[in-house]
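# Working through the structure, step by step
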Amino acid sequence: EEEIPEDHPRYQDLLTRHRIEKGVEKGITHLQGMHAEGRGSAFDYLLGEATIPSAAAAERAAAAHLLCADHPVLSINGNVAALVPGEMTALAEATGADLEVNLFNRTPERIEAIADHLREHGAEDVKGLEADARIPNLDHQRAKVDADGIYEADVVLVPLEDGDRAEALNEMGKTEIVIDLNPLSRSPQVAEIPIVDNIIRAVPNMTEHAQELADADEEQLRAIIDDFDRDAALEDAEDRIRSGV
Ligand code: PTJ
């Protein structure tokens, strides 16, 4: 990361790409994660590489949901671990959520490497290693979750999630928060709170909202949630990408 000059006009993008490369080298990120990153980066470019107002509103509603939840869980895959390990740990702390490693391309080696990486970034308790429950209607490997984690969670944050899994979690009746730069992906389309923003910006923003709302009562939090219009937010993101405004 030291090799990238901070005044480079593409600094953030280069930094992100570099983190994904390092993640692949460390056995944290799957090779497919590089393709995912490339797609995300193209959408981010079209969005002006900034948090659009509808995404900022989604981030605030997401923070309110996590604070209202009985058992919130933040799901971590290979891209999330490479890009925002410390930031996800901080969000977990600010909202009282659990962290769970949950992979699309699951191998015991990557699960262990990601759990270690999160601990190096301050995480105390990392779930996802038990894998003693299954999400219904998904093939065996992709369905694995912890019984006392995602399986019994009421609110789940699933960043950069595969569409089948996002749908299956939705069918389990969970409140889903999805971070995805492509507003047309199935995951944001099924999410109660779709956040069309780069995870690099979205997670610290959510943590800030959570800290600011720490003393808010349930009624105030519910009002923030009710004010958020998911369909309008998805439409706004798509409009901006198509028209470049
Ligand atoms: O680590 P694993 O095995 O769980 O695999 C993780 C990946 C991401 C490889 C896997 O879930 C996958 O293949 O996902 P997709 O179907 O490529 O979806 C990833 C979505 O995230 C795409 O719509 C991208 O546009 C979006 N995306 C990529 N980078 C970012 C992003 N969204 C927000 N912030 C990013 N930095």
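Conventions adopted
Residues numbered from 1 in each chain as written. Predicted model: local features only at pLDDT ≥ 70, side-chain atom pairs only at ≥ 80, totals over all residues. Near = placed C-beta within 6 Å. Helix = DSSP H or I, 4+ residues; strand = E, 2+ residues; numbered from the N terminus. Buried ≥ 20, exposed ≤ 12 C-beta atoms within 10 Å, placed from the backbone. Pairing = 2+ DSSP bridges. Right-handed = clockwise from strand over helix to strand, strands pointing away. Expected span 1.5 Å × (residues − 1). Arc of directions from axis to C-beta. Contact = placed C-beta atoms within 7 Å. UniProt positions renumbered as here; feature names shortened; annotations may be inferred.

### Thoughts on the site of the ligand
Near the ligand lie 25 residues; those nearest to it are Ala36, Gly40, Asn77, Gly78 and Phe104. Contributing elements (two or more residues each) for the shell around the ligand: α2 (32-46), α4 (78-83) and α10 (199-212). Broken down by element, the residue count for the shell around the ligand peaks at seven residues, all from α2.

### Notes on the pairing of strand β6 (residues 155-159)
One face of the sheet, then the other: side chains in a regular strand alternate in exactly this way. In terms of burial, β6 is a largely internal element, five of the five residues being buried. Residues of β6 alternate between two faces, with Val155, Leu157 and Pro159 on one and Val156 and Val158 on the opposite face, all of them buried. In terms of strand pairing, strand β1 (residues 72-76) meets β6 through three bridges, oriented parallel. Residue leucine 74 lies in a different strand from β6, and its bridge partner there is leucine 157. For β6 and strand β7 (residues 175-179), the ladder comprises five bridges, and the chain directions are parallel. Within β7, the residue paired with leucine 157 across the bridge is isoleucine 177. For the crossover from β6 across helix α8 (residues 163-171) to β7, the handedness is right-handed.

### Some details on helix α1 (residues 11-25)
Here α1 spans 21 Å end to end across 15 residues, near enough to the 21 Å set by a 1.5 Å rise per residue. By the burial criterion, the buried members of α1 are Thr16, Arg19, Ile20 and Gly23. Down the axis of α1, the smallest arc covering the buried residues is 100°, so these residues share one side. Facing away from the buried side of α1 by over 90 degrees, the exposed positions are Tyr11 and Glu25. Close packing links the buried residues of α1 with α2, α4 and α10.

### Examining the UniProt feature "binding site: ATP" (unreviewed entry) in the protein chain
Here the UniProt-annotated "binding site: ATP" (unreviewed entry) positions come out as Arg17, Arg39, Asp180, Leu181, Asn182, Arg186, Ser187, Asn198 and Ile199. Look at the named residues: they lie 183 residues apart in sequence, and the longest C-alpha span between them is 24.0 Å, so in the fold they stay spread out. Tracing the backbone shows arginine 39 in helix α2. For asparagine 198, the position within the fold is in the loop between β8 (193-195) and α10. By C-beta crowding, asparagine 198 is classed as buried, having 24 other C-beta atoms within 10 Å. Once residues lying within four places of it in the same chain are set aside, the contact partners of asparagine 198 are Asp44 and Leu181.

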